[in-house]
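Observations on the three-dimensional arrangement
Chain by chain, the residues:
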Amino acid sequence: MLVNAISAGTMRGARFPGRYIQGAGVISVLGKEAGGYGRKATVLLDNGVFDFLKPDIEKSFAGGIDAEIIRHGGECSRDAVDALVAAAKAFGAEVMVSAGGGKALDTAKAAAFELKLPIIVVPTIAASDAPCSALAVIYKPDGKVDYDLFLPSNPDLVLVDTALIAKAPARFLAAGIGDALATYYEAESCRRSGAFNCMKMPGVSLAFEVARFCRDTIFEFGTAALSENDAKTAGNAFERVVEANILLSGIGFESGGVAAAHAIHHGLCELDDVHHHLHGEKVAIGVLAGLKLHGLDDEFEKVRAFCASVRLPTKLADIGIAEVTEEKLAIIARRACRPGEIIHNEPMPITEDMVIKALRTLI
């Protein structure tokens, strides 16, 4: 009866990963940490870092729990999730572990959910907020977004080795800044509209403060962090931006809400032109278009200048859309504005024509 006594309008919430550990060299404690969840671990290792990282993971697990290391093919698709589920079942896994980029992590999160296993994620790049989230973006084999799989809980442990991440090209860190950039603007839209977050309720006040802090952190430390990344150094600025890209952005988007920037990203993914560009690079375009939707020209200029300073795209051509046609713009807008899409979390009605007009300013 207590549930019936609570008005849905009074319920607010936030969500977080179970634990978050960040620092240079923390990959060495992966095996010990995994042992707290089970005696047999299926480890999905991103193809891009498989040969480089496998020895470190094997060393971490040596003398401890049994680990089966599987190479991730590259896409987070329904087929990839099903294959991982089958492999983990056959091995008798008691804990799922994944190391790599967002698509490898999402594949493992989806499989762990289906198997009801605890999940440890080890990002090797800070290119998105995927590591902390209770979300797996499932793609079609052709690279288009299929659907968002919202999970009942966040990863049990997010283990972030900044020395490892610093070895990755700075382009990945810049893309993470692009994804983190959306956090504040989308959360602010949801705060104004009262739209639900990923818990199907409005966010608590902390959610919006985390989103604001995320934006302020990348504005302050973004350019310096990229310079440290260029030098393969996990300095103070790099540590701060990695935290913003992964933890602050993860908490901010899930607990604050998402809106136009990611909806436009989904629309952009309908075009073959953009498939060689990173998630955060496309989200940055979505942020700029979103600011135009709101008519915030001064903020648009500020954010565009910031994007240029941290090596993010500011025009459609920068993400591969060299030839902008009305047909392409219509495809993007139609996907972004389809019924039930997150663009409708904005505090005003958004139409396909409005999205097309905003995108034209980025030609």
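Per chain, residue numbering runs from 1 following the sequence as it is written. Restriction of local features to residues with pLDDT of at least 70 applies here, the model being predicted, together with a cutoff of 80 or more for giving and counting side-chain atom pairs; totals for whole chains, interfaces and linings are based on all residues. Based on all heavy atoms of the structure, the side-chain values leave hydrogens and waters out of the count.

**Here's the deal with helix α12 (residues 297-309)**
Because each turn of an α-helix spans 3.6 residues, side chains separated by three or four positions end up pointing in the same direction. For the record, the criterion: Strands are runs of DSSP state E lasting at least 2 residues, helices are runs of H or I lasting at least 4, and numbering of each runs from the N terminus. In a helix, the anticipated span is given by 1.5 Å times the number of residues less one. Relative accessibility under 20% of the residue-type maximum defines a buried residue, over 50% an exposed one, and the middle range a partly exposed one, all with a 1.4 Å probe and only protein chains included. Our arc is simply the arc of the directions from the helix axis toward the C-beta atoms.
Across its 13 residues, α12 extends 18 Å between first and last C-alpha, which sits within 8% of the 18 Å expected from 1.5 Å per residue. Among the residues of α12, Phe300, Val303, Phe306 and Cys307 are the ones counted as buried. Take α12 and look down its axis: the buried residues cluster within an arc of 130°, on one side only. Of the residues in α12, the exposed ones pointing more than 90 degrees away from the buried face are Asp298 and Ala308. After α12 finishes, the residue Arg311 shows a positive phi value of roughly 65°.

**Digging into the layout of surface pockets**
A probe as big as a water molecule, rolled over the atoms, marks out the empty space that is left. The following threshold applies: Space inside and on the surface of the protein is sampled on a 1 Å grid over the protein atoms alone, with a cavity defined as a set of points where a 1.4 Å probe fits but cannot get out and a pocket as an open set with protein on both sides within 12 Å along at least 5 of 7 lines; lining residues have an atom within 4 Å of a point. Grid points are joined across faces, edges and corners, and a volume is the space filled by probe spheres set on the points. Any residue outside Ala, Val, Leu, Ile, Met, Phe, Trp, Tyr, Cys, Pro, Asp, Glu, Lys and Arg is labelled polar, Gly included; the first ten of those are nonpolar and the last four are charged.
Empty space within the largest pocket amounts to approximately 1,100 Å³. Forming the walls of the largest pocket are 49 residues, and the residues nearest its centre are Gly101, Gly102, Lys103, Leu278 and His279. Taken as a whole, the second largest pocket holds about 280 Å³ of empty space. Around the second largest pocket sit 17 residues that line it, and Phe150, Lys200, Val258, Gly340 and Ile342 are the ones nearest its centre. Considering every element that reaches the lining of the second largest pocket, the biggest residue donor is strand β7 (residues 145-150), with four residues. Its residues assigned to classes, the lining of the second largest pocket comprises seven nonpolar, five polar and five charged.

**A word on the nonpolar core**
Quick note on the threshold: The definition of a nonpolar core used throughout is a set of buried Ala, Val, Leu, Ile, Met, Phe, Trp, Tyr and Cys residues joined through side-chain atoms within 4.5 Å. Contacts were defined at the residue level, with two residues in contact if any of their heavy atoms lie within 4.5 Å.
In terms of nonpolar packing, the biggest core is built from 99 residues, with Met96, Ile264, Val287, Ile343 and Val355 touching the most fellow members. With 10 residues, the single largest contributor to this core is helix α9 (residues 236-256). Residues within four places of Ile343 in sequence aside, it is in contact with Ala259, Ala260, Ala263, Ile264, Ala336, Cys337, Ile350 and Val355.

**Considering the sheet that holds strand β4 (residues 95-100)**
To keep it simple, the criterion reads: Think of it this way: DSSP has to see at least two bridges between two strands before they count as a pair. For every element, the axis is a line fit to its C-alpha atoms; helices are fit only across the contacting stretch, and the angle between N-to-C directions ranges from 0 to 180 degrees.
With respect to topology, six strands assemble into an open sheet ordered β1-β8-β5-β4-β2-β3, the strand pairing being parallel. For this open sheet the edge positions go to β1 (20-23) and β3 (66-72), each flanked by a neighbour on one side alone. With strand direction ignored, the average angle separating the axes of adjacent strands in the sheet is 15°. Each of β1, β5 (119-123) and β8 (157-161) touches α9; the most contacted strand, β1, lies at about 155° to it.

**A few points about the side chain of Thr217**
Keep this limit in mind: We call two N or O atoms a polar contact when they sit within 3.5 Å, provided that within protein one can donate a hydrogen and the other can accept it, with sequence-adjacent residues counted only if both atoms are side-chain atoms.
Note on placement: Thr217 falls in helix α8 (residues 205-230). Since its relative accessible area comes to 1%, Thr217 is described here as buried. A polar contact of 2.7 Å, which involves the side chain of Thr217, links it to the backbone oxygen of Phe213. Those residues in contact with Thr217 that lie beyond four places of it in its chain are Gly222, Arg240, Ala244 and Leu248.

**With respect to the pattern of salt bridges**
Quick reminder of the rule: Criterion for a salt bridge: a side-chain nitrogen of Lys or Arg within 4 Å of a carboxyl oxygen of Asp or Glu.
Within the structure shown, the criterion is met by 19 salt bridges. Across the salt bridge formed by Glu270 and Arg335, the nearest N and O atoms sit 3.9 Å from each other. Taken as a pair, Glu270 in the loop between α10 (260-268) and α11 (279-293) and Arg335 in helix α13 (residues 326-336) lie far apart in primary sequence, 65 residues in all. Of the residues examined, Glu270 reaches a relative accessible area of 21% and is grouped as partly exposed. Salt bridges sharing partners connect three or more residues here, namely Glu270, Arg335, Arg338 and Glu341.

**Focus on the side chain of Glu254**
To keep it simple, the criterion reads: The convention is simple: Lys and Arg are positive, Asp and Glu are negative, and His and the chain ends are not counted.
Positionally, Glu254 belongs in helix α9. Comment: no salt bridge for buried Glu254; closest opposite-charge side chain is Arg15, at 4.0 Å. Every residue in contact with Glu254, bar those within four places of it in the chain, is listed here: Arg15, Cys132, Ser133, Ala134, Leu135, Asn154, Asn197 and Cys198.

**Things to note about unusual backbone geometry**
Notably, Lys200 is not glycine yet its phi reads approximately 65°, a positive angle. Looking at where Lys200 falls in the secondary structure, it is placed in the loop between α7 (170-193) and α8. Under the relative-accessibility criterion, Lys200 is labelled exposed at 59%. You will see that Lys232, though not glycine, has its phi angle at about 60°, which is positive. Assignment of secondary structure puts Lys232 in the loop between α8 and α9.

**Concerning the packing of α10 against α13**
The line we're drawing: Our angle categories are set so that under 35 degrees counts as roughly parallel, over 145 as roughly antiparallel, 65 to 115 as roughly perpendicular, and the remainder as oblique. Should the near helix be turned anticlockwise from the far one by less than a right angle, the crossing is termed left-handed; should it be turned clockwise, right-handed.
Put simply, α10 and α13 touch, their axes get as near as 7 Å, and they point 130° apart. Relative to α13, the element α10 is oriented oblique. In this structure, the crossing between α10 and α13 has a hand that is right-handed. Residue-level inspection shows Ala263, Ile264, His266, Gly267 and Leu268 of α10 in contact with α13, the latter providing Ile332, Arg335 and Ala336.

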